[in-house]
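Chain residues, written in single-letter form:
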Amino acid sequence: MRILIVGAGGTLGRAVDAELSAGHEILRAGRSSGDYQVDLRDDASVAALFAATGKIDAIIATAGNVHFGPLAGMTAAQFDTGLQDKLLGQVRLALIGQHHLNDNGSITLTTGILSEEPIRQGANATAVNTAVEGFVRAAACELGRGLRINAVSPNALQESWDAYRDFFPGFEPVPAARAALAYRRSVEGVESGRVYKVW
């Protein structure tokens, strides 16, 4: 398969790349690195990405930022960071990308454990992750041509634990390689509308 990984330069993206590259052709994209550069916040940039890649068999998104901060001081502009980046960025990738997938292709988006396990200062992340999962479940009902869409919801990653441990008291991080297995399941499997939890 020809698989596009958006966010391929990040910790999770590199693990997914390593998991899938032995048996597939991997196209790597990122905001400032990879084979292709793309800004998921911009329709024209995403359209240009698919014009450059041509037809593909799978789209994987491991990119997207959210805002962490106390609710008492949070502004609408700060909250909008996650809406525009991780939520609408991945939705935009799916909306435009569906037209560039071969029949029976797949889309895999990324959410996270905070969709079901809120933390202090994580209201934006919980809202965004939950919205992405809702989009996946609904979009699966409408995709044609045998196309599938799923999401992977990983816990905090071991590789990033030093930076995030204070946000996740009592959580047990998972290795990025373990999370990457769920992306293989989504791409090579048969299900659609699923959220694969790696907790």
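That block above? That's the structure.
Think of each chain on its own: its residues are numbered from 1, step by step along the sequence as written. This being a predicted model, a pLDDT of at least 70 is required before a residue's local features are given, and a value of 80 or more before pairs of side-chain atoms are given or counted; all residues contribute to the totals for chains, interfaces and linings. Side-chain numbers here rest on the full set of heavy atoms in the structure, without hydrogens or water.

J.: I tried to follow the overall build of the chain on my own but got confused; where do I start?
T.: Looking only at helices and strands, one finds six helices and seven strands in the chain. When the helices and strands of the chain are listed from N to C terminus, the series reads β-α-β-β-α-β-α-β-α-β-α-α-β. Projected onto the principal axes, the alpha-carbon positions of the chain cover approximately 45 × 35 × 30 Å. Buried positions account for 48% of the 199 residues belonging to the chain. Considering only contacts within the chain whose residues lie at least 6 apart along the sequence, 68% involve residues at least 24 apart. For accessible areas, the Shrake-Rupley method is used with a probe of radius 1.4 Å. Any residue's cover is judged against the shown protein chains and nothing else. Working note: accessible area of the chain is about 9000 Å², and carbon and sulfur atoms make up 52% of it. Labels follow the DSSP assignment, with helices taken as runs of H or I lasting at least four residues and strands as runs of E lasting at least two, numbered in each case from the N terminus. Type-normalised accessible area, obtained with a 1.4 Å probe on protein chains alone, sets the label of each residue: buried when under 20%, exposed when over 50%, and partly exposed for intermediate values. What makes two residues a contact is simply this: any of their non-hydrogen atoms within 4.5 Å.

J.: Please clarify how the packing of aromatic side chains should be interpreted in this entry.
T.: Each aromatic ring pair is specified by the distance between its two centres and by the angle formed by the two planes. Pairing of aromatic side chains here covers Phe, Tyr and the six-membered ring of Trp, requires ring centres within 6.5 Å, and sorts the geometry by plane angle: under 30 degrees stacked, over 60 edge-to-face, intermediate tilted. With the rule as written, the count across this model stands at four aromatic pairs. The interplanar angle of 45° and the centroid separation of 5.1 Å between the aromatic rings of Phe-68 and Phe-167 together place this pair among those described as tilted. Taken together, the residues Phe-68 in the loop between β4 (56-61) and α3 (76-97) and Phe-167 in the loop between α5 (161-164) and α6 (176-188) connect sequence positions 99 residues apart. Judged by its relative accessible area of 25%, Phe-68 is partly exposed. When its relative accessible area of 25% is taken as the criterion, Phe-167 is described as partly exposed.

J.: I keep staring at the sheet that holds strand β6 (residues 148-154) and nothing clicks. Help me out?
T.: Where strands meet in a sheet, backbone hydrogen bonds hold them as pairs that are either parallel or antiparallel. Only strands that DSSP links by at least two bridges are regarded as paired with each other. Here seven strands make up an open sheet; going across it, the order is β3-β2-β1-β4-β5-β6-β7 and the pairing parallel. Each end of this open sheet is capped by a strand with a single partner; those strands are β3 (36-37) and β7 (195-198). The pairing of strand β5 (residues 101-110) with β6 spans five bridges and is parallel. Within the sheet, the bridge partner assigned to Ile-107 lies in β6 and is Ile-149. α3 rests against β1 (2-6), β4, β5 and β6 of the sheet, and its axis sits at about 175° to β5. Only the stretch in contact is used when fitting a helix axis, every axis being a line fitted to C-alpha atoms; angles between N-to-C directions are given from 0 to 180 degrees. On the sheet, helix α4 (residues 123-139) packs against β5, β6 and β7 and is oriented at approximately 155° with respect to β6.

J.: Would you mind going over the packing of helix α1 (residues 11-20) against α6 with me for this structure?
T.: Relative placement of two packed helices is described by the angle separating their axes and the distance separating the axes. Running from N to C, α1 and α6 cross one another at 60°; their axes reach a closest spacing of 8 Å. The orientation of α1 with respect to α6, classified from their angle, is oblique. Crossing geometry of α1 relative to α6 is assigned as right-handed. Here Thr-11, Leu-12, Ala-15, Val-16, Glu-19 and Leu-20 of α1 come into contact with α6, specifically with Ala-176, Ala-177, Ala-179, Ala-180, Leu-181, Tyr-183, Arg-184 and Glu-188. Here the residues of the contact of α1 with α6 are counted per class, giving ten nonpolar, one polar and three charged. Geometric relationships in this document are graded by angle, where less than 35 degrees denotes roughly parallel, more than 145 denotes roughly antiparallel, 65 to 115 denotes roughly perpendicular, and other angles denote oblique. Should the near helix be turned anticlockwise from the far one by less than a right angle, the crossing is termed left-handed; should it be turned clockwise, right-handed. Under the scheme applied here, ten amino acids are nonpolar (Ala, Val, Leu, Ile, Met, Phe, Trp, Tyr, Cys and Pro), four are charged (Asp, Glu, Lys and Arg), and all others, including Gly, are polar.

J.: Looking at this structure, how should I read the pattern of salt bridges?
T.: Just to be clear on terms, a salt bridge is a Lys or Arg side-chain nitrogen sitting within 4 Å of an Asp or Glu carboxyl oxygen. All chains considered together, the criterion is met by 13 salt bridges. Note that Asp-17 and Arg-28 form a salt bridge whose closest N and O atoms lie 2.4 Å from each other. Taken together, the positions of Asp-17 in helix α1 and Arg-28 in strand β2 (residues 25-30) put the pair eleven residues apart, joining distant regions of the chain. Relative accessible area serves as the criterion here: at 10%, Asp-17 is assigned to the buried category. With relative accessibility at 29%, the residue Arg-28 sits in the partly exposed group. A salt bridge links Arg-184 to Glu-188, with the shortest nitrogen-to-oxygen separation between them at 2.7 Å. On the criterion of helical spacing, the pair formed by Arg-184 and Glu-188 is a turn pair, its members being four residues apart in helix α6. Members of the salt-bridge network, linked through shared partners, are Asp-17, Arg-28 and Asp-35.

J.: Help me understand unusual backbone geometry in this model?
T.: Even without being glycine, Gln-121 reaches a positive phi, approximately 70°. Structurally, Gln-121 is set in the loop between β5 and α4.

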